[in-house]
Amino acid sequence: MIRLLSVVGARPQIIKAAALSRAIRQHFSDTFNDCILHTGQHYDQNMSQIFFDELNIPQPDINLGVGSDTHGRQTAGMIEGIEKILLELSPDFVILYGDTNSTLAGALAAAKLGIDVIHIEAGLRSFNKKMPEEINRIACDHVSTLLFSPTLTGINNLVREGFSRQSNPPYTIDNPAIFHCGDVMYDNSLYFSALAESRSGILAMHKLVPGHYILGTIHRDSNTDDPSRLTSIFEAFQAIAEMHKITIFLPLHPRTKKLLKKNLPESLLTAIQKNSAIKIVEPVSFLDMILLEKNARLIITDSGGVQKEAYFFKKPSIVLRPQTEWTEIIENGAAILADTDGSKIKNAFEYFENQITNNFPPVFGDGNAANFICEKIIETYNYKNTQKK
């Protein structure tokens, strides 16, 4: 059996890991022993037993319970905890997702112990190293043995950084392999979409009419913690809702909701609270979010994951960030970078209202990324063990 240890630190990473776990369960159950370690980087109140049962995904086998802290102390605590588990379990591969501090900690702990690192979502770049995520993803890529990129743009980024498309096995940290595999979240969106239709009642609960509401998400510290940026976003929301008589549905984290009271001018906060077209609700489940994305007219977000999911469901999006790692979405005209410029947000909305957006080529693969990844891991493992003999 090939021993895998997947390191995750937040709910989105557990959902990404679910795609691989599902592929293993369905096609490779006799080949892999898959263990999931949660660092405890983020506590999520939606991660109840119902969350795991609803999505039919495995709970983490290990939880380090590190919790929130400064970047340095949090990452150090995770490295220490992950290293201890690696020494106990001696996995053949450590699998990492995305660009969180958990990703960085897992990469450093495994690489220092000579354990092969597999990075899923490799090669993504925003080209803004002021973003902690950019540092995490670059560092992880450069200590990985197998790098799986969801897009050709990601592959090209890796080639520019010195990775070779023509590397031959045996693959090592010094001779890594890069693969264009498609996106595991596209696998998930296809799988969970039908489930959401039958199990989620979010639209009826909030009296949302398909195609007649905007879905908005805001969570990045750079937006929530800066009064001027947060004010600009909500001034744009207020203007769009009033001018176009359209509902803006905002599932907001309690922290973001609290910061509205702290960082918005009192007059704007009062206007928003009185505006029946702006619906601020508690965070929603993954299936609810899938259904909301699938039925929205347009999505406004500062989330990298939600940008992609909008694209999966062929919905235009406005991105509340100055850059994005998902450049294909912008290049295909399916999204507009507005940052927090109120005029750009409103102009982007007007553009999509007056423009038929139907350019959604399959840049994120065919929905079989997880199977492809499993096959490449098996090939790598078998070659390495053949060489030992």
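Scroll up a little and you will see the structure.
Residues numbered from 1 in each chain as written. Predicted model: local features only at pLDDT ≥ 70, side-chain atom pairs only at ≥ 80, totals over all residues. Heavy atoms only, no water.

We now examine the overall build of the protein chain. When helices and strands are tallied, the protein chain shows 17 helices and 13 strands. Projected onto the principal axes, the alpha-carbon positions of the protein chain cover approximately 70 × 40 × 40 Å. When contacts within the protein chain are restricted to residue pairs at least 6 apart in sequence, long-range pairs at least 24 apart make up 73% of them. When the accessible surface of the protein chain is summed, it comes to about 16800 Å², and 51% of that surface belongs to carbon and sulfur atoms. Across the protein chain, the 38 positively charged side chains and the 43 negatively charged ones have centroids separated by 3 Å. (Helix = DSSP H or I, 4+ residues; strand = E, 2+ residues; numbered from the N terminus. Contact = heavy atoms within 4.5 Å. Areas by Shrake-Rupley, 256 points an atom, 1.4 Å probe, with all protein chains shown as cover. Lys, Arg positive; Asp, Glu negative; His and termini not counted. Charge placed at Lys NZ, Arg CZ, Asp CG, Glu CD.)

With that out of the way, let us pick up the sheet that holds strand E2 (residues 32-38). Overall, parallel pairing links the seven strands, which are arranged E3-E2-E1-E4-E5-E6-E7 in an open sheet. Strands at the two margins of the open sheet, each flanked by one partner only, are strand E3 (62-63) and strand E7 (177-180). Bridge analysis of strand E1 (residues 2-8) against E2 gives seven bridges, and the strand direction is parallel. Counterpart to leucine 5 in the pairing with E2 is cysteine 35. Packed onto the sheet, helix H6 (residues 152-160) meets strand E6 (146-149) and E7 and runs at close to 160° relative to E7. (Pairing = 2+ DSSP bridges. Axes fitted to C-alpha atoms, helices over the stretch in contact; angles between N-to-C directions.)

Attention now goes to the packing of aromatic side chains. Any pair of aromatic rings gets described here by the distance separating the centres and the angle formed by the planes. Per the counting criterion, the structure on display carries 14 aromatic pairs. Ring geometry for phenylalanine 179 versus phenylalanine 372: centroids 6.1 Å apart, planes at 70°, classification edge-to-face. Residue phenylalanine 179 is found in strand E7, and its partner phenylalanine 372 is found in helix H17 (residues 369-388); the two are separated by 193 residues along the sequence. The exposure class of phenylalanine 179 is buried, given its relative accessible area of 12%. Between phenylalanine 192 and phenylalanine 286, the ring centres sit 5.3 Å apart and the planes meet at 85°, which makes this aromatic pair edge-to-face. Of this pair, phenylalanine 192 sits in helix H7 (residues 184-199) while phenylalanine 286 sits in helix H13 (residues 286-295), and the two are 94 residues apart along the sequence. By relative accessible area, which is 0% here, phenylalanine 192 ends up buried. Classification of phenylalanine 286 as buried rests on a relative accessible area of 7%. (Phe/Tyr/Trp six-rings, centres within 6.5 Å; stacked < 30°, edge-to-face > 60°. Buried < 20%, exposed > 50% of the residue type's maximum accessible area, 1.4 Å probe, protein only.)

This part is about helix H10 (residues 227-244). The end-to-end C-alpha distance of H10, which contains 18 residues, comes to 26 Å, matching closely the 26 Å that a straight helix rising 1.5 Å per residue would cover. Inspection of H10 places Arg229, Leu230, Thr231, Ser232, Ile233, Phe234, Ala236, Phe237, Gln238, Ile240 and Ala241 among the buried residues, and these make up the whole buried set. Residue lysine 245 follows H10 closely and has a positive phi angle near 50°. (Expected span 1.5 Å × (residues − 1).)

Going through the model one piece at a time under the given rule, you end up with 20 salt bridges. A salt bridge links arginine 137 to aspartate 99; its shortest N-O distance comes to 2.7 Å. Placement of the pair is arginine 137 in helix H5 (residues 132-141) and aspartate 99 in the loop between strand E4 (93-97) and helix H4 (101-112), with a sequence separation of 38 residues. Across the pair, exposure class does not vary: arginine 137 and aspartate 99 are buried alike. For arginine 125, the salt bridge is made with glutamate 161, and the minimal N-O distance between the two is 2.7 Å. Here glutamate 161 lies in the loop between H6 and E7 and arginine 125 lies in the loop between strand E5 (116-120) and H5, a separation of 36 residues in the sequence. Of the residues examined, arginine 125 reaches a relative accessible area of 1% and is grouped as buried. In the salt-bridge network here, residues are joined through shared partners; they are Asp99, Glu134, Arg137, Arg321 and Glu325. (Salt bridge = Lys/Arg side-chain N within 4 Å of Asp/Glu carboxyl O.)

Tracing the backbone through its elements, the reader meets leucine 320 in the loop between strand E12 (317-319) and helix H15 (327-331). Measuring from C-alpha to C-alpha, the distance between leucine 320 and isoleucine 345 comes to 8.1 Å, with 25 residues separating the pair along the chain.

Moving on to the sheet that holds strand E8 (residues 213-217). In space, the six strands of this open sheet follow the order E10-E9-E8-E11-E12-E13, with parallel pairing throughout. Each having just a single partner strand, strand E10 (278-281) and strand E13 (335-337) make up the two edges of the open sheet. With direction set aside, neighbouring strand axes in the sheet form an average angle of 20°. Packed on one face of the sheet, helix H14 (residues 304-312) meets E8, strand E11 (298-301) and E12 and runs near 170° to E11. Across the sheet, helix H16 (residues 342-353) touches E8, E11, E12 and E13, and the angle it forms with E12 is around 165°.

Take the nonpolar core next. Grouped together as the largest cluster of nonpolar side chains are 69 residues, with contacts concentrated most on Phe32, Ile120, Leu292 and Ile377. The element contributing the most residues to this core is helix H1 (residues 11-27), with eight residues. Filtering out sequence-adjacent residues up to four positions away, leucine 292 remains in contact with Ile202, Leu203, Leu208, Tyr213, Leu215, Phe249, Pro251 and Val284. Residues Ala236, Ile248, Ile272 and Ile278 belong to the second largest nonpolar core, which totals 29 residues. (Core = buried A, V, L, I, M, F, W, Y, C linked by side-chain atoms within 4.5 Å.)

Another aspect to go through is the side chain of asparagine 275. Its location among the elements puts asparagine 275 in the loop between helix H12 (266-274) and E10. Every residue in contact with asparagine 275, bar those within four places of it in the chain, is listed here: Gln238, Ala241 and Glu242.

We now examine the pairing of E4. Counting buried positions along E4 yields five of five residues, so the element is predominantly enclosed. Along E4, one buried face is formed by Phe93, Ile95 and Tyr97 and the opposite face, lined by Val94 and Leu96, is buried too. When E1 meets E4, the two strands line up parallel, connected through four bridges. Residue pairing across strands places valine 7 opposite leucine 96, the latter belonging to E4. Pairing geometry for E4 and E5, over five bridges, is parallel. Bridge assignment links valine 94 to a residue of E5, and that residue is valine 117. A crossover links E4 with its parallel partner E5, the connecting element being H4, and its sense is right-handed. (Right-handed = clockwise from strand over helix to strand, strands pointing away.)

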